[in-house]
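# Coordinate analysis (summary)
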Amino acid sequence: MPTNKIGMSYYGKESQFQNPVGITSGIPSGSSLSSNRHAPWLSPPFDISAKFNKGEISYAALKEIYRQLVAIDLEQFRCTIDALFDRFGNGIVLLGCQKNPSKCHRSILAEFINEHTEHQAVEVSEQHQLIEVDYAQIIADNPL
């Protein structure tokens, strides 16, 4: 059972989140994210990302390369994800550059987190999506 939810989104939505962390090799221009909220080690190598963004390699190739790199030391990967919670607390949202998650390494990372950790990574567009609230029960308990 997952212990914590990790949000996944893109830099264009960073203002929607209380606890964003960048997972790109660099922080995009125009971002207000501070350098101490940046985890570049969770990014694919810059040259691989650049080739993907230029259309020189497929998403399948990006996925295979990135997964192999992350899988080199699964215990270290798990510790890295746990360290994000230790450093930044609950409600973290990891930010990639692409609006479409299927065009961004964050979806590959989310899949890997879900497969190899106790955490659950989900694509989000707003902070409240990381909080479990039983709206139906609250409404039922508080009639008009």
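So, here is what we can say about the structure in this document. (Residues numbered from 1 in each chain as written. Predicted model: local features only at pLDDT ≥ 70, side-chain atom pairs only at ≥ 80, totals over all residues. Heavy atoms only, no water.)

Let us now look at the sheet that holds strand 1 (residues 5–10). Paired through their backbone hydrogen bonds, the strands of a sheet run either parallel or antiparallel. Reading across the sheet, the four strands line up as 2-3-1-4 and stay open at both edges, with parallel pairing between neighbours. Two strands bound the open sheet, and with one partner strand each, they are strand 2 (20–22) and strand 4 (120–123). For this sheet the average axis-to-axis angle between neighbouring strands, irrespective of direction, equals 30°. When strand 1 meets strand 3 (residues 93–96), the two strands line up parallel, connected through four bridges. Paired with Met 8 across the two strands is Leu 94, which belongs to strand 3. The sheet strands contacting helix 3 (residues 74–88) are strand 1, strand 2 and strand 3, and the helix crosses strand 1 at an angle near 90°. (Pairing = 2+ DSSP bridges. Helix = DSSP H or I, 4+ residues; strand = E, 2+ residues; numbered from the N terminus. Axes fitted to C-alpha atoms, helices over the stretch in contact; angles between N-to-C directions. Contact = heavy atoms within 4.5 Å.)

A word on the packing of helix 3 against helix 4 (residues 105–116). Axis separation between helix 3 and helix 4 bottoms out at 11 Å; the angle between their running directions is 105°. When the axes of helix 3 and helix 4 are compared, the pair comes out roughly perpendicular. Of helix 4, the residues touching helix 3 (which contributes Leu 74, Phe 77, Arg 78 and Ile 81) are Leu 109, Phe 112, Ile 113 and His 116. (Parallel < 35°, antiparallel > 145°, perpendicular 65-115°, else oblique.)

Here the focus is the nonpolar core. Ile 6, Leu 42, Leu 84, Leu 94 and Leu 109 are the most contacted members of the largest nonpolar core, which totals 24 residues. Counting only elements with at least two residues in this core, the list comes to strand 1, helix 1 (46–53), helix 2 (59–71), helix 3 and helix 4. (Core = buried A, V, L, I, M, F, W, Y, C linked by side-chain atoms within 4.5 Å. Buried < 20%, exposed > 50% of the residue type's maximum accessible area, 1.4 Å probe, protein only.)

Turning to the pattern of salt bridges, a few remarks are in order. Here the structure, examined in full by the defined rule, presents five salt bridges. Across the pair Glu 111 and Lys 63 runs a salt bridge, and its minimum N-O distance is 3.2 Å. Remark: Lys 63 occurs in helix 2 and Glu 111 occurs in helix 4; sequence separation between them is 48 residues. Judged by its relative accessible area of 26%, Lys 63 falls in the partly exposed class. Linked through salt bridges whose partners overlap, the residues forming this network are Lys 63, Arg 67, Glu 111 and Glu 115. (Salt bridge = Lys/Arg side-chain N within 4 Å of Asp/Glu carboxyl O.)

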